[in-house]
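Residue strings, one per chain:
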Amino acid sequence: MEIRLFGDPVLRSKAAEVTQIDGSVARLCDGMFTTMYAARGIGLAAPQVGVRKRLFVYDEPETCGRGVILNPVLADSDGTWMFEEGCLSVPGYSWQIERPRRVALSGIDLNGNEVTVEADDLFARLIQHEIDHLDGVLLTERLDDDQRRAALSELRRRGVGAQGGGLFPSLGAE
Ligand code: ZN
């Protein structure tokens, strides 16, 4: 599968709940794992491969292992943690971003069972990053104002996102 890059409108749209777990969803997840491993990532959300469904895959052996979460809902978060964060849809860049250190979420697994997850540090970071993707939010929106101005002008200077139907059509907040 092809990873959609910064500037692609699919990355700015809100994904829809998964209402039916069938073979196509399982195949989608298989394809997403393969794509994520090839890109050496630890998490990948469906919109990043152009599919507007609320699900993400992850694999981070040191902390959470491998899994799939469908229709995730953040239930709780606390603490703060600054961490250097990147995104497979903005390859080659990373920024210090502050987010809650711990989160709790609910969702369903590929068998349709309800799951709850409590996570901290890297896993919590990953979960928040991937849920943002399901809401059409990219990590550049999690930067503080100065960081975001610098980041966007750097991306613009390098022409990143310029192919996505006009230069930064929806980044208006700056
Ligand atoms: Zn990402």
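Our subject is the structure listed above.
Throughout this description, residue numbers start from 1 for each chain and increase along the sequence as written. Since the coordinates come from a predicted model, pLDDT governs what is reported: local features require at least 70, and pairs of side-chain atoms require 80 or more to be given and counted, while whole-chain, interface and lining totals use all residues. Each side-chain value is worked out from all heavy atoms of the structure, with water and hydrogens disregarded.

## Here we look at the coordination of the zinc ion
Then step 1. Donor atoms (N, O, S) are those found within 2.8 Å of the metal centre, with the cutoff raised to 3.2 Å for Na, K and Ca; water is not part of the atom list, so apparent gaps in a site can occur. The zinc ion binds to the protein through Cys87 (SG), His129 (NE2) and His133 (NE2), with metal-donor distances spanning 2.0 to 2.2 Å.
Then step 2. Written as a sequence motif, the donor arrangement for the zinc ion is C-x41-H-x3-H. A residue pair is termed long-range when its members are at least 10 positions apart, and Cys87 in the loop between strand S4 (81–86) and strand S5 (94–99) and His133 in helix H2 (residues 121–134) qualify at 46 residues. His133 matches Cys87 in its accessibility class, with the two residues each being buried. Only DSSP runs of H or I reaching four residues or more are called helices, and only runs of E reaching two or more are called strands; each is numbered from the N terminus. Think of it in three bands: residues with accessible area under 20% of the maximum for their type are buried, residues over 50% are exposed, and the middle band is partly exposed, with areas taken using a 1.4 Å probe on protein chains only.

## Section: the pairing of strand S2 (residues 55–60)
Then step 1. With 6 of 6 residues buried, S2 is to be regarded as a mostly interior element.
Then step 2. Residues Leu55, Val57 and Asp59 of S2 are buried on one face, and the alternating residues Phe56, Tyr58 and Glu60, pointing to the opposite face, are buried as well.
Then step 3. Across 3 bridges, strand S1 (residues 43–45) lies against S2 in antiparallel orientation. For Ala45, the partnering residue across the bridge sits in S2 and is Phe56. A pair of strands counts as paired when DSSP detects no fewer than two bridges linking them.

## A look at helix H3 (residues 145–157)
Then step 1. How far a helix is expected to stretch is found by multiplying one less than its residue total by 1.5 Å. The end-to-end C-alpha separation of H3 is 18 Å, in line with the 18 Å expected for 13 residues at 1.5 Å each.
Then step 2. By the burial criterion, the buried members of H3 are Arg148, Ala151, Leu152 and Leu155. The buried side chains of H3 occupy one side of the element, clustering within an arc of 95° when seen end-on. In H3, the exposed residues that point more than 90 degrees away from the buried face are Asp146 and Arg157.
Then step 3. A contact between two residues is defined here by any heavy atoms of the two lying within 4.5 Å. Where H3 is buried, its residues touch S5.
Then step 4. Looking one or two residues beyond H3, the residue adopting positive phi is Gly159, at roughly 75°. The directions from the helix axis to the C-beta atoms are what the arc is built from.

## Some thoughts on the sheet that holds strand S7 (residues 114–120)
Within a beta sheet, neighbouring strands are joined by backbone hydrogen bonds and run either parallel or antiparallel to one another.
Then step 1. Spatial ordering of the open sheet is given by S1-S2-S3-S6-S7, a layout of 5 strands whose pairing is antiparallel. In this open sheet, the two edge strands, each paired with only one partner strand, are S1 and S7. Neighbour-to-neighbour, the strand axes of the sheet open up by a mean angle of 40°, direction not taken into account.
Then step 2. Of the strand pairs in this sheet, S2 and strand S3 (residues 65–78) are connected by 6 bridges, and their pairing is antiparallel. The axes used here are C-alpha line fits, helices contributing only the stretch in contact, and every angle between their N-to-C directions lies in the interval 0 to 180 degrees.

## Observations concerning the side chain of His129
Then step 1. Take His129: it is sitting in helix H2.
Then step 2. Looking at His129, the relative accessible area reads 8%, which means it is buried.
Then step 3. In this view, His129 contacts Glu85, Gly86, Cys87, Arg99 and Leu139; residues no more than four positions away in its chain are not counted.

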